[in-house]
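# A closer look at the structure
Chain by chain, the residues:
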Amino acid sequence: MPELLTADQMRAVERAAIDNGRVTGLDLMERAGRGVIAAMLEHWPHFAVTPGRAAVLCGPGNNGGDGFVVARLLRDRGWDVTVFAYGEVAKLPPDAAINAQGWTETAPVQPASLFTDLREECDLIVDAILGIGATRPLQGAIEATVKFLNEYKPGERKPRDRCRIVSVDLPTGLCSDSGRPLGSAVRADLTVTFHRAKPGHYLSDGPAHCGRLSVQPLGLDREPTYPHETVSATLIGEETLKRGQVPCLGKRAGGHKFSHGHAVVAAGSVGKGGAARLSARAALRIGAGLVTVAPPPAALIENAAHLDAIMLHAIRDARGLEEMLTDERIKALCLGPGLGGDRARDLVPVALAASRGTVLDADALSAFADDPQELFAMLHDRCVLTPHGGEFARLFPDIADRLDAMPARGPAFSRMDAARAAAARAGCTVLLKGPDTVVADPDGRISLNPAVYARAAPWLATAGSGDVLSGMIAGLLARGDTPHEAAATAAWLHTECALEFGPGLIAEDLPEQIPAVLRRLSANSP
Ligand SMILES: NC(=O)C1=CN([C@@H]2O[C@H](COP(=O)(O)OP(=O)(O)OC[C@H]3O[C@@H](n4cnc5c(N)ncnc54)[C@H](O)[C@@H]3O)[C@@H](O)[C@H]2O)[C@@H](O)CC1
Ligand SMILES: Nc1ncnc2c1ncn2[C@@H]1O[C@H](COP(=O)(O)OP(=O)(O)O)[C@@H](O)[C@H]1O
Ligand SMILES: [K+]
């Protein structure tokens, strides 16, 4: 199930299950501990064969309670385990206290100050200091330990079999809802979370701190009271595509080109048309029935030299676009890539007045940096804005400032919060680009495309890849997708195309991977 839950939502799920009497907090803590062991052995199978030496760092809350369970289970497997306590064991919450007591009946708990002496000897360090309860920047012994862990150069002593750091639920100090460190945060090799991933595992610095991510079940999936309405965001994936949350990407039998929609990409002046052509090619490959590039007359020849299946229609100015848009069969527009600021200011008002599915990117966003309100007043609910961080800051400077400000408390303002606030202000879908691309609607709906962990696609940081993305969205809008579906589906496919091609990727390669990705999707469909 691809939902993400914030810390509050996760607590509500847990509370509902406990209140129903189907499970106790102690059961959940036991399952969490077992999940950590299962994930650890899955990632490092040699630990199953050769138990080693482990330090388990237990914090002042239930994350620490999970740590005591992990410590016991490791010892049961033959590990030499030392537990270090951060905070007073006597003040632990009830379930954590029960597990701590079980431990202290058979072994001592060391004070945090002794941890640094042992670290060099360890094969495994379990970070169970803070989880979803981390709400303020780290200080004192916790901060010292986190800095110490992060400065440790793995492999110095044991190059072949270095010490691994496993974080329970979240790397200590990482904000669960935003993926932003509250001051400092552990850099783990593996993070094991429970029931559902949290936004912070995917957003911002989250993946760099988590290392790898494992989501372990807590047996809550069959809970009839599982509060689905509390879901904070949906992770876009093949599963969401298959579950019919987005329309089938195949073409209907018996349709003709106009029944798959006509997309128009406005292009800029001579020598600047490459970006629009990239968008147009992506729109055609993703299945729009027809795609037309609309350059100024002077750039017609240049574009004609490049294009075959894509049609050309010169438009001198806003009037030309207005005339073109009297053709009701034009279903979607893409403005921005290579358009130029002046032409963008001229064409965008006419494009928006036509109330078609409209993607605004690049110059179509930056052209309104002086007066974003002027743009917002023209936008409608069939628009998608696709800013990267810089364009976002130009249109939504106050929201971007909140993202940049050092978080003083958790939950910190997240990229999901930022995209949601921007969509509400703009009154349309906003896609905020990055390795953690967020698609937000004015009603608060969020989809997240994670290009991290196994889907890391750093080759997408190449000139023109954003132009391909806006073309893909325009193509899907032409085909009849809603703005949110078009943006979310395109973001996911865009990453899949990059993964399909791999290293060496340039923007031109992206549209050419669409057929292979679509073929795979249709082969995997039930
Ligand atoms: N909620 C759930 O559904 C489940 C939670 N479990 C575990 O319980 C954890 C949540 O437990 P808690 O809510 O007790 O939260 P934590 O154990 O994450 O931390 C809570 C404690 O840390 C303190 N704290 C916050 N920021 C601090 C800082 N910077 N420095 C020092 N102390 C700080 C808080 O005041 C509080 O006392 C989860 O992360 C998970 O590991 C699991 O046992 C299984 C189920
Ligand atoms: N490191 C990365 N990992 C995953 N995706 C990335 C990364 N860097 C950039 N991208 C994606 O590549 C695209 C770049 O778009 P943009 O910044 O507009 O580039 P351009 O203007 O050159 O087309 C966006 O879709 C963004 O999400
Ligand atoms: K932790």
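Okay, so let's go over this structure. This one's a predicted model, so the numbers in the text were calculated from it and none came from an experiment.

Assigned secondary structure in the chain consists of 22 helices and 18 strands. Relative to a compact globule of 526 residues, whose C-alpha radius of gyration would be 24 Å, the chain shows 26 Å and is just as compact. Across its three principal directions, the C-alpha atoms of the chain cover 85 × 50 × 50 Å. Taken across its 526 residues, the chain has 58% of its residues classed as buried. Across the chain, the fraction of contacts at a sequence separation of at least 24, relative to all contacts at a separation of at least 6, is 73%. In the form shown here, the chain has an accessible surface area of approximately 21000 Å², with 51% of it arising from carbon and sulfur atoms. Side-chain charges in the chain split into 54 positive and 62 negative, and the spacing between the mean points of these groups amounts to 3 Å.

Take the sheet that holds strand β3 (residues 80–85) next. Taken in spatial order, the seven strands make up an open sheet running β4-β3-β2-β5-β6-β7-β8, and their pairing is parallel. Since the sheet does not close on itself, it has two edges, and those belong to β4 (109–111) and β8 (212–216), each with one partner. For this sheet, the mean angle separating the axes of adjacent strands, direction not counted, is 25°. Direction of pairing for strand β2 (residues 53–58) relative to strand β5 (residues 124–128): parallel, over a ladder of five bridges. Counterpart to V56 in the pairing with β5 is V126.

This paragraph deals with the coordination of the potassium ion (ligand 3). Surrounding the potassium ion (ligand 3) are the protein donor atoms N63 (OD1), D127 (O), L130 (O), V168 (O) and L170 (O), at 2.5 to 3.0 Å. Positions of the donor residues of the potassium ion (ligand 3) along the chain correspond to the pattern N-x63-D-x2-L-x37-V-x1-L. Taken as a pair, N63 in helix α4 (residues 62–76) and L130 in the loop between β5 and α7 (140–151) lie far apart in primary sequence, 67 residues in all. You'll find N63 and L130 in the same group, each marked buried.

The next subject is the site of ligand 2. Surrounding ligand 2, one finds 18 residues, the nearest of these being K433, G434, G464, S465 and G466. One nitrogen or oxygen atom from the side chain of T437 is found 3.3 Å from an oxygen atom belonging to ligand 2. Within the backbone of A457, an N or O atom sits 3.5 Å from a nitrogen atom of ligand 2. For ligand 2, the protein covers 77% of the area, taking 570 Å² as the surface of the free molecule. Per-element tally for the shell around ligand 2: the top contributor is helix α20 (residues 465–478), with four residues.

Basis of the calculations
Residues numbered from 1 in each chain as written. Chains lettered and ligands numbered in written order. Predicted model: local features only at pLDDT ≥ 70, side-chain atom pairs only at ≥ 80, totals over all residues. Heavy atoms only, no water. Helix = DSSP H or I, 4+ residues; strand = E, 2+ residues; numbered from the N terminus. Rg over C-alpha atoms; globule rule 2.2 N^0.38 Å. Buried < 20%, exposed > 50% of the residue type's maximum accessible area, 1.4 Å probe, protein only. Contact = heavy atoms within 4.5 Å. Areas by Shrake-Rupley, 256 points an atom, 1.4 Å probe, with all protein chains shown as cover. Lys, Arg positive; Asp, Glu negative; His and termini not counted. Charge placed at Lys NZ, Arg CZ, Asp CG, Glu CD. Pairing = 2+ DSSP bridges. Axes fitted to C-alpha atoms, helices over the stretch in contact; angles between N-to-C directions. Donors = N, O, S within 2.8 Å, 3.2 Å for Na, K, Ca; no water. Near = heavy atom within 4 Å. Polar contact = N/O pair within 3.5 Å; in protein donor to acceptor, adjacent residues only side chain to side chain.

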